[in-house]
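One letter stands for each residue in the lines below.
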Amino acid sequence: MCSATKQQARRYERTGKVMIENAKWIAATEAEQAPCIEKSFSVGKVRSAILDITGLGYFCAEINGKKVTDDLFNPVFSDYRVRPLNNLLYPIADRMNHRVYFCRYDVTELLAEGINTLSVCLGNGWYRQTKRTAEGHLEFGKRLIARFSLRYIDNNEQQHEILSDGTEMWRQTEVVENNLFYGETQDLRRLVKNDSRYPVMTEDDFTTTFTLQTCPAERIIRKITPKLINKTENKKIYDVGETVSGWVRLLAMGNSGEVVTVNHAECITKDCRLDVNSCGGDITNDQGERQLQLNRYILDGTERLLYPKFCKQAFRYFEVDGNADVVCVDVVHTDLSERTTFLCSNGVLNWLYSAYKRTQLINMHDGFPSDCPHRERLGYTGDGQITASAAMTMFESEAFYRKWINDICDCQNIDNGHVQHTAPFYGGGGGPVGWGGAIVQVPYAFYLHYGDKTLVEQVFPYMQKWVNYIVSRTEKGLVCREESGGWCLGDWATLDVTIPQEYVNTTLFVVMLDKMRFLAEQIGKNDVARELCKMQSEYRKSITYRFFDNKTGNFCQGVQGADAFALAAGLSDKRTLARLVERYTADCRFDTGFIGTYVLVEQLIAHDQIDLAYDLLTSVKKGSFGYLKKRGETTIWEYLDTKWCSHAHPMFGGVSEFLLKTFLGFPDGEYDKTVVLQPKFPRKLRRAKGSALYDGKIVEVEWRRIKNTIRYKVFVTEGLNVSVVYGNDITQLQAGENEICVEL
């Protein structure tokens, strides 16, 4: 069922505030992890009807036994309400803003004249997280709660409203347990007709902001038939062929009381058994329970399709134990359409492009970009800011990132401007700028891609408050601390981080101040822009005084991309770039963390070191993308040196945006309604092609190197204004096929 149309939504909004604010929170008992709340009501002939609904953690809604929507895992995750923060692994006492998203659906066709029943099934989601304790105890509430408002207009143009009000009843479902990190247990015997119904309880209102969900929801995106690779007694091991997020769909055939289990992993051992450690199997909670992505089904003797209702897993391999056949693997993530293609003559770059897209997509859940889809599943602001531009480049993700920017702002400390390491906030460690700087970096990338000044104006006060916070964490001109008892990282995800954290944070702060200056100018805050420039100058002096070696031209001896950080901050003399090039030409691999890797590639390209950037991106040494390709991986690992941690972290893949922007020339977005292509051609790359959408219209690029000449072809869709800039030459293109010959 489709969401409500804009016309219908406006029609109903004229009658007052957000509809759902008139309703009450209702709940089953605390013991139920997946109750179904039902409300029966009578209607006459219905002309149009809109349902506003939410349920925390997740809800599934039906009217008269028919699904209201095919969307999954609604509503999206947010910082729902005030909760205790004294049980966190990383101490925090911040005051934050709170938001609950609700969904709006046109349900006209689902209503029948007479008695109707609205059924709302609830699952724990992020709201009631009682098992995982790696980041601390972070549940928002003890009982799952729902809230809805159904307004309809009858044939006489009379408006009626049906609200959740505490008169509803609830019943048990087959879902006995559900937990995002530990999986789901279903007892199918509960599906035998059971007429037991119990009165709901009402819960007091709490301070929050109700917000209409416009962020795209999750769906089943595609289906994969896995390959059986090992069989022992009643256990079967399958290979999906790639790492995915979603679930295994089974057909059960066993007797009543028999149990079927499905366990999931990214890896297998040499003897073809599951290795669960990289996706959380090495983590135990306070009860000593291993964090396994394990689904259990207790059969009822009836042939049934089995799959989880309120959980999703991330895996390449899975083990089925019990009397059931595998039907398929459902790939589930946020429904984002792709806006680019890329293919070239180098296999490593092709792998990087596809591996990043896959890794990013399986980390797009619940309205935020996660660090990994299994171990932590958190919206780390460090990982998210370094990949935001790449994701916006490759996917139609405006609404997705508009929502995540709200999360970042909501989770900022109201009192001092501190920005959390995760958004929505769920614990986790990080640093003041490489993580908290997301409050500048993500809106900056958003503006470059979508040109929305209104969002910049909305978020700019949060940025200013964050700048004041960072200034308060400065000593002797360097950003050197964050919250007492917490983490204060610089870069991250190398075997041994040696680059000083205060150097990384201060150079990154200078970069963020420059991006803020740009945004300030875009919204007419020129006085603020001038103040930001002065602040940059003072921090640059401190960095140079403390870290610059006048004998060599290096910063911090050039370790782990230090000279690239200096270049990004506008700090260098003529030798700094030369030292950087020498270092990475001599050892052609990344020794940098995930922030340094992006900054290194970005600065090499910005300073016309295209061939070295290409060599690093295509290297097959350990610690490079080519090494992962040689191993047969399908996603990007948390550590490029293939440490045992997660095999599905997109953060290092942020550099993949340069494949499109540099090697094909595509810009972030339209500027003055013009698409300006600015390609650069690595000496070792023989050919490349790809496409990008601008305002829904396609631009296709293909080039081939013939000796010292590049034949650069561009197809332009009618209605687009496209030009090519190479060197000092600007060529205006026509609609249709264009070809330019570039002499190198």
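What counts as what
Residues numbered from 1 in each chain as written. Predicted model: local features only at pLDDT ≥ 70, side-chain atom pairs only at ≥ 80, totals over all residues. Heavy atoms only, no water. Helix = DSSP H or I, 4+ residues; strand = E, 2+ residues; numbered from the N terminus. Contact = heavy atoms within 4.5 Å. Areas by Shrake-Rupley, 256 points an atom, 1.4 Å probe, with all protein chains shown as cover. Lys, Arg positive; Asp, Glu negative; His and termini not counted. Charge placed at Lys NZ, Arg CZ, Asp CG, Glu CD. Core = buried A, V, L, I, M, F, W, Y, C linked by side-chain atoms within 4.5 Å. Buried < 20%, exposed > 50% of the residue type's maximum accessible area, 1.4 Å probe, protein only. pLDDT = per-residue confidence, 0-100. Pairing = 2+ DSSP bridges. Expected span 1.5 Å × (residues − 1). Bend = angle between axes of the 7 residues up to and from the residue. Polar contact = N/O pair within 3.5 Å; in protein donor to acceptor, adjacent residues only side chain to side chain.

Student: Describe the overall build of the chain, and please don't skip the residues or the numbers.
Tutor: Assigned secondary structure in the chain consists of 14 helices and 37 strands. Taking the principal axes of the C-alpha coordinates as reference, the chain spans close to 80 × 65 × 60 Å. Pairs at least 24 residues apart make up 75% of the contacts formed inside the chain by residues separated by at least 6 positions. Of the roughly 29,100 Å² that the chain leaves accessible, carbon and sulfur atoms contribute 46%. Side-chain charges of the chain comprise 90 positive and 95 negative groups, with the mean position of each set lying 3 Å from the other.

Student: Residues and numbers for the nonpolar core, please.
Tutor: One finds Phe625 and Leu677 to be the most contacted residues of the largest nonpolar core, which totals 202 residues. Here this core takes 11 residues from helix α7 (residues 501–522), the largest share from any one element. Setting aside residues up to four positions removed in sequence, Leu677 forms contacts with Gly665, Phe666, Pro667, Val699, Val701, Tyr712, Val714, Val722, Ser723, Val724, Val725 and Leu733. Core analysis: the second largest hydrophobic core is formed by 19 residues, Val240, Val262, Phe315 and Val329 among them.

Student: Can you lay out the confidence of the model for the chain for me, pointing to particular residues and giving the numbers?
Tutor: Model confidence for the chain is summarised by a mean pLDDT of 94, while 98% of its residues fall at 70 or above. In the predicted structure, residues 4–16 sits below a pLDDT of 50 and forms 21 contacts with residues beyond four places in sequence or in another chain.

Student: Give a detailed account of the pairing of strand β3 (residues 46–56), specifying residues and quantitative values.
Tutor: Taken across its 11 residues, β3 has 9 buried, putting it largely inside the fold. Pairing of β3 with strand β8 (residues 145–154) involves 10 bridges; the strand directions are antiparallel. Residue pairing for β8: Val46 is matched across the bridge by Asp154. Two strands pair when backbone bridges link them, and β3 and strand β6 (residues 99–106) are joined in this way by 4 bridges, in the antiparallel orientation. Counted as the bridge partner of Asp52 is Arg104 from β6.

Student: Describe helix α6 (residues 453–472), listing the residues and the values that go with them.
Tutor: Taking 1.5 Å per residue, 20 residues should reach 28 Å; α6 reaches 29 Å between its end C-alpha atoms and fits that length. By the largest-angle criterion, Val459 marks the main kink of α6, which is about 40 degrees, and a proline, Pro461, follows within four residues. All of the buried residues along α6 are Leu455, Val456, Val459, Phe460, Met463, Trp466, Val467, Tyr469 and Ile470. At its buried positions, α6 is contacted by α4 (398–410), α5 (438–450), β29 (474–475), β30 (478–479), α7 and α8 (526–547). Capping the start of α6, Asp452 holds a side-chain oxygen 2.9 Å from the backbone nitrogen of Thr454, two or three residues further along.

Student: Got a sec to walk through the sheet that holds strand β4 (residues 58–63)? Specific residues and values, please.
Tutor: Taken in spatial order, the 6 strands line up as β5-β4-β7-β2-β10-β13 in an open sheet, and their pairing is antiparallel. Only two strands of the sheet have a single neighbouring strand rather than two, namely β5 (66–67) and β13 (198–199). Direction of pairing for β4 relative to β5: antiparallel, over a ladder of 2 bridges. From the neighbouring strand, Glu62 faces β5, where its bridge partner is Lys67.

Student: Any details on the environment of Asp452? Residues and values, ideally.
Tutor: Relative to the helices and strands, Asp452 is located in the loop between α5 and α6. When near neighbours in sequence (up to four residues on either side) are disregarded, Asp452 contacts Arg402, Phe446 and Tyr447. A polar side-chain atom of Asp452 sits 3.2 Å from the main-chain amide nitrogen of Leu455.

Student: Can you explain the side chain of Ser389? Please cite residues and give values.
Tutor: Structurally, Ser389 can be placed in helix α3 (residues 381–394). Taking the relative accessible area as the measure of exposure, Ser389 reaches 9% and is therefore buried. A distance of 3.0 Å separates a polar atom in the side chain of Ser389 from a polar atom in the side chain of Lys661. Leaving out residues up to four positions away in the same chain, Ser389 has contacts with Ala445, His449, Glu657, Lys661 and Asp668.

Student: Kindly report on the environment of Lys680, identifying the contributing residues and their values.
Tutor: Relative to the helices and strands, Lys680 resides in the loop between β31 (674–677) and β32 (687–694). The spatial distance from the C-alpha of Lys680 to the C-alpha of Asp608 is 8.8 Å, given a sequence separation of 72 residues. In this structure, Lys680 is in contact with Ile605, Asp608, Ile610, Thr662 and Phe663, ignoring residues within four places of it in sequence.

Student: Can you tell me about the side chain of Thr393, naming the residues and giving the values?
Tutor: Positionally, Thr393 belongs in helix α3. Residue Thr393 is classed as buried on the basis of its relative accessible area of 4%. At 3.1 Å, the side chain of Thr393 and the side chain of His449 are in polar contact. Apart from residues no more than four positions distant in its own chain, Thr393 is found in contact with Arg339, Thr340, His449, Glu657, Leu660, Lys661 and Asp668.

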